[in-house]
Amino acid sequence: LGSGRSEMARLLYGADKADKGQLFINDAPHKAHEPLASMKAGMGFLPEDRKEESIIADLSVRENLIIALQAKTGIFKLLPLSRQQELADKYIKALKIKTASPETPIRQLSGGNQQKVILGRWLITHPQFLILDEPTRGIDVGTKTEIQKLIVQLAAEEGMTIMFISSEIDEMLRTVGRLCVLRDGRKAGELVNEGLTREAVMAAIAGGDAV
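This structure is a prediction, so every number in the text was calculated from the model and none was measured.

Participant: Explain the packing of helix α4 (residues 61-73) against helix α5 (residues 81-94) here, please?
Facilitator: Interhelical geometry of α4 versus α5 gives an angle of 105° and a closest axis separation of 9 Å. Between α4 and α5, the angle is such that the two are roughly perpendicular. Contacts between α4 and α5 involve V61, R62, L65, I66 and L69 on the former and, on the latter, L81, Q84, Q85, L87, A88, Y91 and I92. By residue class, the composition of the contact of α4 with α5 is nine nonpolar, two polar and one charged.

Okay, here's the thing in structure tokens:
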């Protein structure tokens, strides 16, 4: 906490403006000047604060699921209701979202199921690069495990690049193949594969030199 990780995620996605630096996507420079441009470049972003920045409480599960795809498609190319319902049914089933109906207001769902809806929102857009900032915070253990397994599956089987941000070291060790430790907005350590141990992570947090 306070390391600058959420700030970095927002800069990459274009939710905040960077003072300097360059971002490349598939070797091509990308100006992350606004989230919509990043979405169209194949990015998705699940922010840390689910209630304030992700869910639209008065909209239904279906509407929350399809809203990113609709934004990416454009307001003048409205998705037919039948297509919205098809996508909602598909991802409710795939993510095991517990809801009475796709038309249930998302505010009536548990925190874990709300998080699944937001994750489904981005999966519907088929992103190449998905940024997940604390995606399992504040949800029950069972749902947390489901989301962790899904993230590993998306990376291993579907080739999606995922930036997974978490303050729980054990969760990171279970989920990622490459781990970067930030301190004061700078990279203080990078661990890969066999080097991914709790001891190595703690050493990097405690005082690794910025690299």
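Moving on from the model shown.
Participant: Explanation requested: the pairing of strand β7 (residues 186-192) in the structure shown.
Facilitator: Relative to β7, strand β6 (residues 178-183) is paired through six bridges, and the arrangement is antiparallel. Across the sheet, R178 pairs through a bridge with V192, a residue of β7. In sequence, β6 turns back onto β7 through a hairpin of two residues, with D184 there showing a positive phi of about 55°.

Participant: Looking at this structure, I do not really get the sheet that holds strand β3 (residues 43-46). What am I missing?
Facilitator: Note on sheets: strands pair through backbone hydrogen bonds, and any given pair is parallel or antiparallel. Pairing within the open sheet is parallel, and its three strands lie in the order β3-β4-β5. Edge positions in the sheet fall to β3 and β5 (161-165), since each has one partner strand and no second. Averaged over all pairs of adjacent strands, the angle between their axes in this sheet comes to 10°, without regard to strand direction. In this sheet, strand β4 (residues 129-133) lies alongside β3 in parallel orientation, the contact comprising four bridges. Bridge pairing links M43 to F129 in β4. Relative to β3, helix α1 (residues 5-13) is tilted by about 145°, and along the sheet it contacts β3, β4 and β5.

About the criteria used
Residues numbered from 1 in each chain as written. Predicted model: local features only at pLDDT ≥ 70, side-chain atom pairs only at ≥ 80, totals over all residues. Heavy atoms only, no water. Axes fitted to C-alpha atoms, helices over the stretch in contact; angles between N-to-C directions. Helix = DSSP H or I, 4+ residues; strand = E, 2+ residues; numbered from the N terminus. Parallel < 35°, antiparallel > 145°, perpendicular 65-115°, else oblique. Contact = heavy atoms within 4.5 Å. Nonpolar A, V, L, I, M, F, W, Y, C, P; charged D, E, K, R; others polar. Pairing = 2+ DSSP bridges.

Honestly, that's just the spatial picture; any functional story needs more than this.
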